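Each chain is listed here by its residues.
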Amino acid sequence: MKRFPEGFYWGASTAAYQVEGNIHNCDWAEAERERKVPPCGRACDFYNRYDEDFALARSLGMNAQRFSLEWSRIEPEEGVFDESQIEHYRAVVRSCKKHGMTPFVTLWHFTLPQWFAQRGGFIRRDAPEIFARYCRFAAEKLGDDVPVVITMNEPEVFAAGGYATGFTPPFEISPILYLRALTRLAEAHRVAYTAVKEVRPDAEVGIAKHNIFFTANKNPLNRGLRAAADWFWNHSFLRRTEGFHDFIGLNHYHFRKFGMTRAERDEATPTFFGCYEHPDSLYETLAALKKYNVPVHVLENGVADGTDVRRIDYIRNAAANVHRAIETGVPVKGYFHWTLLDNYEWLFGYGVPMGLVAVDLKTQKRTPRPSAETYAAICRANVLE
Ligand code: BGC
């Protein structure tokens, strides 16, 4: 039996664009109109159904939820803030609390307002100040009801998709722009962190960082590549923003082995998108964050599994990894499963069922999967049996 510390946060994570539906004024919606990414449409209609979804999450034993605000709803034009939209999110936060769960709010999860994207997005020189102005506004308006604020989700994934691989808006492939975007994003977090702390000194502020567990075979070249990838992907952004994290949010999905053999590949269990599970990777990734000396929340971790055959073991193994990390001195304070509801997956549309709860997109009916009950048992008892 593995007992977790008192007050441990158990929750699920969502992102506005992936669940709310009908968001039209951002770069992703524009990419949809240009048929570069799959259509999102009404998604899970979370914009209207958040209260029942929070009730459902609570009935599954969770005591916290992570969700995001849609920047393009709140600041539809440069410097123009829509009070009715911030009021909407205040209602979402109140609902979360009413259901007995602590809200963890991400201010920006991948989608950019059209006006910002059209004028260069995070490549702009003044992007950090523009971002920080929005963050300050949102954090101040949400007020004390939100104890934990995540300024940005996976800046390195955003920069890689938009400027290195060219898979996501603005679909550029340019090493120079890629590095510039990373620099601006690091500065944007630092400035936003400071702005949010000015209006909400009591709030815990950090980012959600996508870290991979890199391994290698014995070949020295592969070992070198492993070390370089680990430094560049996992640690360089955290180092550039050191001192500006009250906690580190870890999004963790997979491991990568340099020099993986075909036989190893055949034996490995795929999670999704050509990634594989590794039984210890969550533990190893958490252990590597100990040196930052700040609390850690696992803010995303999950598997695409519509049949729900693997999710039960996946969740139990994740909880065991978190427990092991805590026992070895990593200050892990929460675990948020990705995701609550089957949702819109950026490049794949609705074909990637990652939810604890299945959603029938036509009727919007929610059906918790058996694995949701496995998770609920852990959340309710604060114990992994
Ligand atoms: C992102 C989510 C995404 C998930 C699964 C994470 O990198 O934050 O928005 O849906 O991975 O791909």
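This text goes with the structure placed above it.
The model shown is predicted, which means the values in this text are computed figures rather than measured ones.

Calculation rules
Residues numbered from 1 in each chain as written. Predicted model: local features only at pLDDT ≥ 70, side-chain atom pairs only at ≥ 80, totals over all residues. Heavy atoms only, no water. Helix = DSSP H or I, 4+ residues; strand = E, 2+ residues; numbered from the N terminus. Expected span 1.5 Å × (residues − 1). Bend = angle between axes of the 7 residues up to and from the residue. Buried < 20%, exposed > 50% of the residue type's maximum accessible area, 1.4 Å probe, protein only. Polar contact = N/O pair within 3.5 Å; in protein donor to acceptor, adjacent residues only side chain to side chain. Axes fitted to C-alpha atoms, helices over the stretch in contact; angles between N-to-C directions. Parallel < 35°, antiparallel > 145°, perpendicular 65-115°, else oblique. Left-handed = near helix turned anticlockwise from the far one by under 90°. Contact = heavy atoms within 4.5 Å. Nonpolar A, V, L, I, M, F, W, Y, C, P; charged D, E, K, R; others polar. Pairing = 2+ DSSP bridges. Near = heavy atom within 4 Å. Areas by Shrake-Rupley, 256 points an atom, 1.4 Å probe, with all protein chains shown as cover. Disulfide = S-S within 2.5 Å.

**Student:** Can you help me understand helix α10 (residues 220-240) in this one?
**Tutor:** One full turn of an α-helix is made of 3.6 residues, so residues set three or four places apart face in the same direction. An ideal rise of 1.5 Å per residue puts 30 Å on 21 residues; α10 measures up with 28 Å between its terminal C-alpha atoms. Approximately 40 degrees is the largest bend angle found in α10, and it occurs at Asn234. Every buried residue belonging to α10 is among Asn222, Ala229, Asp230, Trp233, Asn234, His235, Ser236, Phe237 and Leu238, and all of these are buried. Where α10 begins, one side-chain oxygen reaches toward the backbone nitrogen of Leu221, 2.7 Å away; that side chain belongs to Asn219.

**Student:** What exactly am I supposed to notice about the packing of helix α5 (residues 83-98) against helix α7 (residues 127-142) here?
**Tutor:** How two helices pack is summed up by the angle between their axes together with the distance between the axes. Contact pair α5 / α7: the axes reach a minimum separation of 10 Å and the direction vectors enclose 50 degrees. The pairing of α5 with α7 is recorded here as oblique in orientation. Crossing angle aside, the handedness with which α5 passes α7 is right-handed. Here α5 contributes Glu83, Ile86, Tyr89, Arg90 and Val93 to the contact with α7, which in turn contributes Phe137, Ala138, Lys141 and Leu142. Considering only residue class, the contact of α5 with α7 consists of six nonpolar, no polar and three charged.

**Student:** Help me out: how do you make sense of the environment of Val205 in this one?
**Tutor:** Here Val205 shows up in strand β6 (residues 204-210). In contact with Val205, not counting residues within four places along its chain, are Val149, Thr151, Tyr193, Val196, Lys197, Phe244, His245, Asp246 and Phe247.

**Student:** Would you take a moment to explain the sheet that holds strand β5 (residues 148-153) for this structure?
**Tutor:** Strand pairing in a sheet relies on backbone hydrogen bonds. The paired strands run either parallel or antiparallel. One closed barrel accounts for eight strands, arranged β2-β3-β4-β5-β6-β8-β10-β11; its pairing is parallel. Each adjacent strand pair in this sheet contributes to an overall mean axis angle of 25 degrees, direction not counted. The sheet contact formed by strand β3 (residues 64-68) and strand β4 (residues 102-106) spans five bridges and is parallel. Its bridge partner being in β4, Arg66 is matched across the sheet by Phe104. Sheet strands in contact with helix α9 (residues 175-199) are β5 and β6, and its direction is about 160 degrees off that of β5. Seen against the sheet, helix α14 (residues 370-381) touches β2 (9-13) and β11 (332-338) and runs at an angle of roughly 145 degrees to β2.

**Student:** Would you mind showing me how to read α14 here?
**Tutor:** Here α14 spans 17 Å end to end across 12 residues, near enough to the 16 Å set by a 1.5 Å rise per residue. Looking at α14, one finds that the buried residues are Ser371, Ala372, Thr374, Tyr375, Ala376, Ile378 and Cys379. In this structure, the buried side of α14 is in contact with β2, α13 (311-327), β11, β13 (366-368) and β14 (383-384). Positive backbone phi, at 60 degrees, marks Asn382, one or two positions downstream of α14.

**Student:** Just checking my understanding: could you explain the site of the ligand for this structure?
**Tutor:** Lining the immediate environment of the ligand, one finds 14 residues, of which Gln18, His109, Glu154, Glu345 and Trp346 sit closest. One of the side-chain N or O atoms of Glu300 is found 2.9 Å from an oxygen atom in the ligand. Contact distances for the ligand include 2.9 Å between an oxygen atom and a side-chain N or O atom of Trp346. Coverage of the ligand by the protein chains reaches 94% of its 310 Å² of free accessible surface. Tallied by class, residues from the shell around the ligand come to seven nonpolar, four polar and three charged.

**Student:** Explain the packing of α9 against α10 here, please?
**Tutor:** Between α9 and α10, the shortest axis-to-axis distance is 9 Å and the interhelical angle comes to 45 degrees. Between α9 and α10, the angle falls in the class oblique. Seen from above, α9 lies across α10 with right-handed handedness. Contact residues: Tyr178, Leu179, Leu182, Thr183, Leu185, Ala186 and Arg190 in α9; Phe232, Trp233, Phe237 and Arg240 in α10. The class makeup of the residues in the contact of α9 with α10 is eight nonpolar, one polar and two charged.

**Student:** How should the state of the cysteines be read in this particular structure?
**Tutor:** By definition, a disulfide links the sulfur atoms of two cysteines through a covalent bond. For the structure shown, the criterion picks out zero disulfides. With no disulfide of its own, Cys26 lies closest to Cys40 among cysteine sulfurs, the gap being 8.7 Å. The cysteine Cys135 is free of any disulfide, with Cys26 supplying the nearest cysteine sulfur at 16 Å.

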